[in-house]
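As a plain string of letters, each chain reads:
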Amino acid sequence: MSTRLDQRTRDGVGESVRRVDGIPKVKGTFAYGSDLWHDQMLWGATVRSPHPHARIRAIHLAEAVASAGVHAVLTHEDVPGKKTYGLEFSDQPVLAWDRVLYAGQPVAVVAAETPELARRAAARVRVEYEELDPVLDMERALDPDAPRLHEWGNTLRHLQIEHGDPDAEAEIWVEGYYETAMQDQAALGPEAGLAIPGEDGGVDLIVTTQWLHVDRQQIAPVLNLPQDRVRITLAGVGGAFGSREDLHMQIHACMLAMHTGRPVKMSYGRDESFLAHVHRHPSRVWLRTGATRDGRLVAVRGRIVIDGGAFASSSPAVIGNATTFLAGPYDVPNAFLEGTAVYTNNPPCGAMRGFGAPQVCFAHEANMDRLARELHLDPVELRRRNALEPGSVLPTGQVVRGSAPVREVLERCRDLPMPPEPEPAPMRDPMTLPGGAGNVGHGEGLRRGVGFALGYKNIAYSEGFDDFHQARVSLFAGPDGPVAEIHTAGVECGQGFSTIVTQIAREELGVRDVVLHEADTGVDSAGSTSASRQTFMGGGAVQMASRAVAEEIFARAIARLGPEGQLGLADGEVLADGVPVVELSDLLDEPVVATRTFHHRPTTGLDERGQGDPHVMFAFGAQRAVVEVDQQLGLVRVVQLGSVLDVGRAINPQGVEGQSEGGSAQGLGLAVMEEIRMKDGRIANASFTDYLIPTMLDMPPVVTELVEDPEPDVPYGAKGIGEISTIVSTAAIVAAIRDATGRELNRAPVQPDDIVGLRQPAASRGWPPVPDVPGPRPVPEYHGADLGQSDLKPKG
Amino acid sequence: MLIRVRVNDEWREADAWEGSSLLSFLRDGLQLPGSKNACEQGECGSCSVWLDEELVCSCLVLAAQAHEREVRTVEGLAEGDRLHPVQEAFVEAGAVQCGFCTPGLVVAVTDLLERDPSPDELTVREALSGNLCRCTGYQKIMDAVRSAAERRRAGAW
C-alpha cells in the first residue's frame with residue numbers, strides 16, 4: 001500500500017474527536033424513531049396475548065373495526081406472504097394463529113388516526129383463548145413429559161466440547177452452582193418506526209434497528225415483495241444493547257401501510273417495549289474446576305442451560321458463545337463443557353451486550369475465587385498463573401492468535417489505586433451510605449469488600465458466519481475544499497460508529513471535511529452493530545474503500561504530474577516523500593468513488609466434539625470492584641470500579657472510556673438491581689418504576705485503563721470494546737459483596753435478602769439431563785426450518 | 001380542546017386530546033420532539049422542561065395544565081448555531097452517546113446550575129438522580145456538569 005502518511009490530518013485515528021452527532025443530540029434536533037412524522041400518517045397499535053401459552057379459539061374484530069378513526073385491523077390472515085420470521089430461524093409468527101407461546105406475543109394490529117384511537121381500537125379486539133399448560137422453567141423444558149412448544153421439541157440447541165481428557169483427575173476440585181436473572185437492555189429510546197407505502201407497490205421503512213439488511217431479509221418474504229422493494233433507512237436509535245437485533249414493529253407497520261395506502265407510525269411505550277424485544281437469557285451454570293496444589297488448572301467440567309423463551313431469536317449463537325467461554329480465559333488442558341438452550345413459554349431471550357459471556361463469567365470467576373481460597377492463594381495470582389496467552393489452546397482446539405495481553409490486563413488492574421478509606425460513619429453524609437437517598441441507615445455494620453474478575457469476548461460473529469461490511473467512500477470537490485462522503489448501512493446506536501468511521505476516512509484521505517450519508521439499504525449489508533464488531537468491520541470497510549480512493553487519486557496525480565517518491569495524503573494535499581505536490585481539489589474534476597467489502601478471517605463451526613476454530617479474535621478485560629455493604633439492611637454501595645481493557649488500539653479514547661463506563665453500569669445493574677421478574681409467565685415489572693436501572697447515585701467512579709497491544713492483521717490493530725466491561729463488572733461486584741459478607745451469593749442480582757440471610761443461596765436440583773439431539777447445530781436446522789440471517793450473502 | 005402555551009418565548013396553540021400530557025402536546029401537537037418519551041411515568045427525566053420556570057417531567061403534566069402558561073424546552077437553549085454552555089460542555093466531555101437522555105439532562109443541569117453554580121458532587125448526583133442514562137455510566141455527564149459549572153461561574157450565562 002503506497003499510502004503512508006508522513007504528515008497527519010487533525011482529528012484522525014487515535015484522537016478523542018467529538019461525536020459527529022453530538023450537536024443535534026444536545027439541541028434536541030436529532031430525529032429518533034419515535035420522533036418521525038408524516039402529515040398523512042396513521043398510528044399503529046398492537047394486540048398482544050395476555051397468556052404465556054394458549055390456543056386461539058377465535059378472534060373477533062367487529063368492534064375494533066367499528067371503533068372511531070380506525071383504518072385497518074389485521075390478523076395472520078392478512079399477512080401477504082410467509083407467515084413467520086426470525087433472526088436465525090423463521091419460527092416466530094408475524095401475528096399468532098392457532099397458539100400463542102408467550103405473554104406479549106402479537107395477535108393483531110390496528111391503524112387509526114391518533115395513538116389514542118389506535119389503542120382504544122386495539123382494546124376492542126376480542127380474542128378467545130383456551131389456556132394451556134405453560135412451560136415456565138428452563139429445566140422443566142427438558143422433561144420429556146413437558147408440553148412440546150415447537151414441532152422439533154423444546155431443545156433449541158445442545159452442544160458439548162471435549163478437550164484433552166474429559167475425565168482427567170485433579171488434586172483439588174471446587175464446585176459451584178450459579179444463576180443469573182433475565183436482564184432488560186432498557187435502551188431509553190423506544191422501538192419505533194414509520195412505514196410509507198411506495199408508488200411501486202413496495203415500502204419505505206425508517207426504523208430503529210441494529211442491522212438494516214437482516215431486517216429486510218426477514219420483512220420482504222412476509223410482505224411478498226422482492227428484497228429491493230423494501231427500502232430501509234435508519235432512524236435515530238436511542239440505544240440498543242442487543243434489543244434491536246430482532247424485528248419489533250417493522251413488519252406490522254409495513255403491513256398496515258400497504259393495507260391502508262397511508263404512512264403508518266408505530267412507537268412503543270415502555271411497558272410494550274419490555275414485551276416487544278428480547279432480553280438477556282436467564283442462566284443456570286454447574287461448574288467444577290480442578291487444579292494442582294500449586295494452583296495450575298487441570299480440568300474444568302461445566303454445564304450451562306439458558307432459557308431462550310418462546311422463539312429462537314439468536315439463542316443458538318448465544319449458547320455457542322457461552323459454552324465455548326465456560327472455562328474462562330484460562331489455559332485448561334482438559335475440559336468437558338456442555339451448553340443447552342431451551343424453548344419455554346417465557347418471553348423470548350436473545351442478544352444483550354455480552355451475548356452469553358456475562359453469565360459464564362459470573363460462574364467461572366466465582367469458581368476461581370473458591371479455588372484461590374482453598375489453595376490460600378491470592379485470587380489475582382491464581383488467575384495470572386493460568387491466564388491465556390498467544391499460542392494457548394482453547395477447549396475448542398482453537399489456538400489464541402494475535403494479541404492476548406491477559407497478564408498485563410490483570411496486573412494493571414491489580415495495581416490500580418484503591419479509593420480512599422471511608423470516613424467513620426457518623427461523620428458521613430447519609431447520601432454516601434448504602435441506600436443513601438432513602439436515608440435508611442446510619443452506617444452501622446458497614447463493611448468494605450474487594451472483588452476481582454477476568455473475562456473475555458469474541459469480536460464479530462462466530463462459527464463460520466461471514467458478517468461482512470460494505471462501505472462506499474466518495475471524494476469530491478466541495479465549495480470549501482475536498483469532501484469525503486462515507487456511505488454504509490452500519491448502524492449508529494450511540495456507541496460512536498459514525499464518529500469512528502469519519503476519523504478513519506480523515507486519516508486515510510487527509511481530508512478534514514468528512515460527511516456521512518444516511519445509513520440505508522442503498523449499499524450492501526454492513527452486518528449488525530453488535531458483537532463488539534463495528535469498529536473492526538466497519539472501520540475495515542471504510543479503510544479499504546478509502547485506500548482504493550487514495551490509489552485512484554495517486555494514479556491521477558502521477559498521470560498529471562508524474563511525481564516521484566512515496567505518495568501520501570494530508571490536509572487536502574497529495575504529498576510526495578512528505579512534500580506537498582498538488583491540491584486534492586485539483587484532481588477532483590470527477591469525483592472518485594470506491595465501494596469495498598470487508599470480511600473478517602473465516603472461522604469454522606463446531607464438530608460433534610465441539611472442536612473447531614469458531615471465533616475471529618478476542619478482547620480481554622479485568623475489573624476490580626470495591627463495595628460497601630450495610631450488613632444489617634443488606635444494602636450495597638459500589639464505591640469504585642477499576643476497569644482495565646484490552647482494546648488493541650483506541651481509535652477514539654474518549655469513546656472507549658465511554659464504553660467502559662457505560663458497560664460497567666449495565667454490569668452493575670445485573671449485579672445488584674436488575675431483574676425481569678416473571679409471575680405466572682408474565683412480566684411483573686415492565687416499567688422503570690419497577691425495573692430499576694442504575695442512577696447517578698448508584699454509579700461509582702470508574703477508573704479505566706487501556707492496554708494497547710495491537711491485534712495483527714486488523715485495521716489499526718483495533719479490537720472491539722462494546723461488551724467486555726459489562727461481562728466482567730457483574731462478576732467483580734458480586735465477588736466484592738462476597739468478600740464483604742462471607743456469604744455464598746451464587747445468584748445475580750444479589751438482593752438484600754441474600755445479604756442478610758433471609759434468602760438461601762440458589763439451590764440446584766443436580767446436573768440436568770442431557771437432551772437427545774441430532775448434532776451440535778441448532779435443532780431446528782436438522783428439521784429443515786427456514787434460516788434467517790445465516791443465508792445473507794454479499795452481492796456480486 | 002385548544003391549548004395555548006408560550007413556548008420558548010413564542011405563543012403557540014394546537015388542538016389536544018383532553019388526556020394529553022404536556023409531553024405529547026409538545027411533541028405531536030407543536031412538533032417540538034426535543035423532549036423525549038422514554039418512560040412516560042416520571043421515572044427517567046428525558047422529558048424535562050420548565051413550566052413557569054419550574055423543572056417538571058412533562059409526561060406528568062397535563063397539556064391542559066400548561067394552558068396560558070410559559071414553557072421552556074431544550075429547543076429554546078441554543079441561540080441558532082450557538083450552543084448553550086451546558087450543551088457545549090456535554091459535547092466536549094463526551095457525555096452524549098445515544099443521546100436519548102441528553103435533552104432532559106441538559107435541561108436538568110441548566111436548571112441546577114442556574115440555582116446553584118457551585119454544587120458539590122453529591123448535590124449533583126442527587127439532583128440528577130431522576131435522569132436515567134443507559135449508555136454512559138454517568139461519569140462523562142459528571143465531567144460535563146463540572147465543566148458547565150465552571151462556565152457558569154465564569155459568567156458564560
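Residues numbered from 1 in each chain as written. Chains lettered and ligands numbered in written order. Predicted model: local features only at pLDDT ≥ 70, side-chain atom pairs only at ≥ 80, totals over all residues.

1. Description of the overall build of chain A
Helices and strands together make up the secondary structure of chain A, namely 16 helices and 31 strands. For 796 residues, the compact-globule estimate of 2.2 N^0.38 gives 28 Å, and the C-alpha radius of gyration of chain A, at 27 Å, lies within 12% of that figure. Seen through its C-alpha atoms, chain A measures out along the principal axes to roughly 75 × 70 × 60 Å. In chain A, which comprises 796 residues, the proportion classed as buried is 62%. Taking all contacts inside chain A whose residues are at least 6 apart in sequence as the whole, residues at least 24 apart take part in 81%. (Helix = DSSP H or I, 4+ residues; strand = E, 2+ residues; numbered from the N terminus. Rg over C-alpha atoms; globule rule 2.2 N^0.38 Å. Buried ≥ 20, exposed ≤ 12 C-beta atoms within 10 Å, placed from the backbone. Contact = placed C-beta atoms within 7 Å.)

2. So, the overall build of chain B
Along its length, chain B carries five helices and five strands. Reading chain B from its N end, one meets helices and strands in the order β-β-α-β-β-β-α-α-α-α. Relative to the 2.2 N^0.38 estimate, which gives 15 Å for 157 residues, the radius of gyration of chain B is 15 Å and therefore close to what a compact globule would have. Looking at chain B as a whole, 59% of its 157 residues qualify as buried. In chain B, the proportion of contacts linking residues at least 24 apart, taken out of those at least 6 apart, comes to 61%.

3. Quick look at the pairing of strand S1 (residues 2-7) of chain B
Residues and elements named next belong to chain B. Of the two faces of S1, only the one carrying Ile3, Val5 and Val7 is buried; Leu2, Arg4 and Arg6 on the other face are not. Relative to strand S2 (residues 10-15), S1 runs antiparallel, the two being bridged by six bridges. Bridge assignment links valine 5 to a residue of S2, and that residue is arginine 12. Adjacent in sequence and paired antiparallel, S1 and S2 are bridged by two residues, among which asparagine 8 carries a positive phi angle near 45°. Relative to strand S5 (residues 70-72), S1 runs parallel, the two being bridged by two bridges. When the sheet's bridge partners are listed, valine 7 is paired in S5 with valine 71. (Pairing = 2+ DSSP bridges.)

4. Digging into helix H8 (residues 357-375) of chain A
Residue and element names in this part refer to chain A. For H8, with 19 residues, the first-to-last C-alpha span of 26 Å sits near the 27 Å given by 1.5 Å per residue. The buried fraction of H8 amounts to 15 of the 19 residues, a majority that puts the element mostly inside the structure. Phi turns positive one or two residues past the end of H8, at histidine 376, with a value near 55°. (Expected span 1.5 Å × (residues − 1).)

5. Some words on the sheet that holds strand S13 (residues 230-234) of chain A
All names here are of chain A. Judged by pairing direction, the sheet is mixed, and its seven strands sit side by side in the order S3-S7-S1-S14-S11-S12-S13 without closing on themselves. Of all the strands in the sheet, the pair left with one neighbour each is strand S3 (70-74) and S13. Each strand axis lies, on average, 20° off the axis of its neighbour in the sheet, ignoring direction. Examined bridge by bridge, strand S1 (residues 42-48) and strand S7 (residues 106-112) share six bridges and lie antiparallel to one another. Of the residues in S7, the one forming a bridge with alanine 45 is valine 110. Against the sheet, helix H4 (residues 212-223) touches strand S12 (203-207) and S13, its axis set at about 145° to S13. Contacts from helix H5 (residues 250-260) reach S1, S3, S7, strand S11 (192-197), S12 and strand S14 (264-267) within the one sheet, and its direction differs from that of S11 by about 30°. (Axes fitted to C-alpha atoms, helices over the stretch in contact; angles between N-to-C directions.)

6. A closer look at the packing of H8(A) against helix H14 (residues 724-741) of chain A
All names here are of chain A. Direction vectors running N to C along H8 and H14 enclose 40°, while the axes themselves pass 8 Å from each other. Overall, the two elements H8 and H14 adopt an arrangement that is oblique. As for the relative orientation of H8 and H14, their crossing is right-handed in sense. Of the residues in H14, those touching H8 at Ala357, Pro358, Cys361, Phe362, Glu365, Ala366 and Asp369 are Thr726, Ile727, Val728, Thr730, Ala731, Val734 and Ala735. (Parallel < 35°, antiparallel > 145°, perpendicular 65-115°, else oblique. Left-handed = near helix turned anticlockwise from the far one by under 90°.)

7. Topic: the sheet that holds strand S16 (residues 297-307) of chain A
Whether parallel or antiparallel, the strands of a sheet pair through hydrogen bonds between backbone atoms. Residue and element names in this part refer to chain A. The six strands are arranged S9-S17-S16-S15-S10-S31 in an open sheet whose pairing can be described as mixed. Each of the sheet's edge strands pairs with one partner strand only, and the pair in question is strand S9 (155-163) and strand S31 (747-748). The pairing of S16 with strand S17 (residues 334-342) spans nine bridges and is parallel. By the bridge assignment for S17, glycine 302 is matched with leucine 337. Sheet strands touched by helix H7 (residues 315-324): S9, S16 and S17. Its angle to S17, the strand with the most contacts, is close to 160°.

8. Quick notes on the interface of chain A and chain B
Interface size is commonly expressed as the accessible surface area that is lost when the partners come together. Each partner contributes residues to the interface: chain A has 50 residues there, and chain B has 43 residues. Sorting the residues of the side of chain A that touches chain B by element identifies helix H1 (22-27) and helix H13 (653-672) of chain A as the ones contributing at least two each. A class-by-class count of the residues in the side of chain A that touches chain B yields 21 nonpolar, 19 polar and ten charged. (Nonpolar A, V, L, I, M, F, W, Y, C, P; charged D, E, K, R; others polar.)

9. Topic: the nonpolar core
Residues and elements named next belong to chain A. The biggest cluster of nonpolar side chains holds 313 residues, and the ones touching the most others in it are Val110, Cys254, Val627, Ile733 and Ile737. Tallying contributions element by element places H14 first for this core, with eleven residues. Apart from residues lying up to four places away in sequence, valine 627 is in contact with Arg448, Gly449, Val636, Arg637, Val638, Val639, Ile733, Ala736, Ile737 and Ala740. (Core = buried A, V, L, I, M, F, W, Y, C linked by C-beta atoms within 7 Å.)

10. A look at the pairing of strand S30 (residues 702-707) of chain A
Residues and elements named next belong to chain A. Counting buried positions over the six residues of S30 gives five, a clear majority of the element. Where strand S27 (residues 635-646) lies against S30, six bridges are found, and the strand directions are parallel. Directly across from serine 643, in S30, lies its bridge partner threonine 704.

11. So, H7(A)
The buried count for H7(A) comes to ten of ten residues, which makes it a mostly enclosed element. Those residues of H7(A) that are buried lie in contact with S9, S16, S17, H8 and strand S18 (446-459) of chain A.

12. Points about unusual backbone geometry
Residues Ala748(A) and Pro749(A) are joined by a peptide bond in cis, for which omega reads 5°. The phi angle at Phe355(A) is positive, at roughly 50°, despite the residue not being glycine. Along the chain, Phe355(A) falls in the loop between S17 and H8. Its identity is not glycine, yet Asn8(B) carries a phi of approximately 45°, on the positive side. As for its position among the elements, Asn8(B) is in the loop between S1 and S2.

13. Observations regarding the environment of Ala526(A)
All names here are of chain A. Its location among the elements puts alanine 526 in the loop between strand S21 (513-516) and helix H12 (534-561). Measuring from C-alpha to C-alpha, the distance between alanine 526 and aspartate 630 comes to 48 Å, with 104 residues separating the pair along the chain. Ignoring any residue separated from it by four or fewer positions in sequence, one finds alanine 526 in contact with His469, Gln470, Thr488, Ala489, Gly490 and Gly538.

14. Here's the deal with the confidence of the model for chain B
Counting all residues, the mean pLDDT for chain B is 97, and 100% of those residues have values of 70 or more. What the predictor reports for the complex is a pTM of 0.97 with an ipTM of 0.99. (pLDDT = per-residue confidence, 0-100.)

15. What to know about the environment of Pro119(B)
Residues and elements named next belong to chain B. Relative to the helices and strands, proline 119 resides in the loop between helix H3 (102-115) and helix H4 (121-127). Considering only alpha carbons, one finds proline 119 and asparagine 37, 82 residues apart in sequence, at a separation of 28 Å. Non-local contacts of proline 119, meaning those with residues more than four positions away in its chain, are made with Leu112, Val124, Ala127 and Ala149.

16. Quick look at the confidence of the model for chain A
The predicted model of chain A has a mean per-residue pLDDT of 96, with 98% of residues at 70 or higher. Note on residues 1-6 of chain A: pLDDT under 50 across the span, and 16 contacts to partners over four residues away in sequence or across chains.

17. Observations concerning the packing of H3(B) against helix H5 (residues 139-153) of chain B
Residue and element names in this part refer to chain B. In contact at an axis separation of 10 Å, H3 and H5 are set at 40° when each is read in the N-to-C sense. One element, H3, and the other, H5, form an angle in the oblique class. In terms of crossing hand, the pair formed by H3 and H5 is right-handed. Facing Leu105, Val109 and Leu113 of H3, the residues of H5 in contact are Ile141, Val145, Ala148, Ala149 and Arg152. Class assignment of the residues belonging to the contact of H3 with H5 gives a composition of seven nonpolar, no polar and one charged.

18. Considerations on the environment of Ile755(A)
All names here are of chain A. Relative to the helices and strands, isoleucine 755 resides in helix H15 (residues 752-756). Put simply, isoleucine 755 and arginine 293 are 462 residues apart on the chain and 31 Å apart in space, counted from C-alpha to C-alpha. With near-sequence residues (within four places) excluded, isoleucine 755 lies in contact with Val629, Gln631, Gly634, Ile737, Thr741, Arg743 and Val750.

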